[in-house]
Amino acid sequence: MTSSWKRSAATLAVFVVTMAGCASQAQKGLEKPPSSKPASTRNPAPNFTLKDVDGKPITLADYKGKVVLLNFWATWCGPCKIEIPWFIEFQKTYKDKGFTVIGVALDDEGWEVVKPYISDKQVNYPVVTGNASVEQLYGGIDALPTTFIIDKEGRIANTHVGLISRKEYESDINELLQ
């Protein structure tokens, strides 16, 4: 088995479990997604500097004062392919309100596969390629997608592993932009 195939199988398993959980929540009649962690319990988001597609350094600390959706993803990840169009829309809708998306691509092949993908999908937010060091800063990224919602003070308000609903992301964003 190739590394990409193994990751794809693992991502599919996360997707199935996530979708089962979503169906279970829907059956319980939960209308409002859970809110962000209380501000007093939020941990600082670890800082990092990685290069974007043009070789420009992107440093997370430079985004303090903004709400950041930090998304660890890969081009081969099925659930990631579902979320990316949402993130493009969020960037359009909320960028002038103090919000940004930062994508951290974890493809083994790096820019060779990421650059054509983000060009084809017309990704309108900063994308960097990640590494094991940054993955470890965030507790080890064991499944994709993994997304951290970071408040204006640079603290992790929410963590989502696997596919969640667009509505839940929007709820997180709007709550933190208030």
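Described in the following lines is the structure provided in the data block.

Calculation rules
- Residues numbered from 1 in each chain as written.
- Predicted model: local features only at pLDDT ≥ 70, side-chain atom pairs only at ≥ 80, totals over all residues.
- Heavy atoms only, no water.
- Phe/Tyr/Trp six-rings, centres within 6.5 Å; stacked < 30°, edge-to-face > 60°.
- Helix = DSSP H or I, 4+ residues; strand = E, 2+ residues; numbered from the N terminus.
- Buried < 20%, exposed > 50% of the residue type's maximum accessible area, 1.4 Å probe, protein only.
- Salt bridge = Lys/Arg side-chain N within 4 Å of Asp/Glu carboxyl O.
- Disulfide = S-S within 2.5 Å.
- Core = buried A, V, L, I, M, F, W, Y, C linked by side-chain atoms within 4.5 Å.
- Contact = heavy atoms within 4.5 Å.
- Pairing = 2+ DSSP bridges.
- Axes fitted to C-alpha atoms, helices over the stretch in contact; angles between N-to-C directions.

1. Quick word on the packing of aromatic side chains
Line of reasoning, step 1. Counted according to the given criterion, the structure contains 11 aromatic pairs.
Line of reasoning, step 2. Pairing Phe72 with Tyr138 gives two aromatic rings, centres 5.6 Å apart and planes at 55°, and the pair type is tilted. Here Phe72, found in strand β3 (residues 67–73), pairs with Tyr138, found in the loop between α4 (132–137) and β6 (146–150); they are 66 residues apart in sequence, far enough to count as distant.
Line of reasoning, step 3. For Phe72, a relative accessible area of 0% gives the class buried.
Line of reasoning, step 4. Here Trp86 and Tyr169 contribute two aromatic rings whose centre-to-centre distance is 6.5 Å and whose plane-to-plane angle is 65°, an arrangement assigned as edge-to-face. With Trp86 in helix α2 (residues 78–94) and Tyr169 in helix α5 (residues 166–177), the pair connects residues that are 83 residues apart, well separated along the chain.

2. Digging into the pattern of salt bridges
Line of reasoning, step 1. Scanning the entire structure with this criterion turns up six salt bridges.
Line of reasoning, step 2. Note that Lys121 and Asp120 form a salt bridge whose closest N and O atoms lie 3.8 Å from each other.
Line of reasoning, step 3. For Lys121, a relative accessible area of 39% puts it in the partly exposed group.
Line of reasoning, step 4. What makes Asp120 exposed here is its relative accessible area of 56%.
Line of reasoning, step 5. Here Arg155 and Asp151 are joined by a salt bridge, their closest N and O atoms 3.0 Å apart.
Line of reasoning, step 6. The network of salt bridges with shared partners includes Arg42, Asp151, Glu153 and Arg155.

3. Things to note about the state of the cysteines
Line of reasoning, step 1. This structure, assessed with the given rule, holds one disulfide.
Line of reasoning, step 2. For Cys77, the disulfide goes to Cys80, at an S-S distance of 2.3 Å. Its S-S torsion of approximately 75° makes the covalent link between Cys77 and Cys80 right-handed.
Line of reasoning, step 3. Using a relative accessible area of 0% as the deciding quantity, one classes Cys77 as buried.

4. Here we look at the nonpolar core
Line of reasoning, step 1. In this structure, Leu70, Phe72 and Tyr138 are the most contacted members of the largest nonpolar core, which totals 50 residues.
Line of reasoning, step 2. Elements with a minimum of two residues in this core: β3, α2, β4 (99–105), α3 (111–120), β5 (127–129), β6, β7 (156–161) and α5.
Line of reasoning, step 3. It is α2 that provides the largest number of residues to this core, a total of seven residues.
Line of reasoning, step 4. Non-local contacts of Phe72, meaning those with residues more than four positions away in its chain, are made with Val104, Leu106, Val134, Tyr138, Ile141, Leu144, Pro145, Thr146 and Phe148.

5. Here we look at the sheet that holds β4
Line of reasoning, step 1. With mixed pairing, the five strands of this open sheet are ordered in space as β5-β4-β3-β6-β7. The sheet is open, and its two borders are formed by β5 and β7, each paired with just one other strand. Geometrically, the sheet is characterised by an average inter-axis angle of 20° between neighbouring strands, direction not taken into account.
Line of reasoning, step 2. One ladder, built from three bridges, connects β4 with β5; its direction is parallel. Along β5, the bridge assignment pairs Gly103 with Val127.
Line of reasoning, step 3. Here α3 sits on the sheet and contacts β3, β4 and β5; the angle it forms with β5, its principal contact strand, is near 170°.

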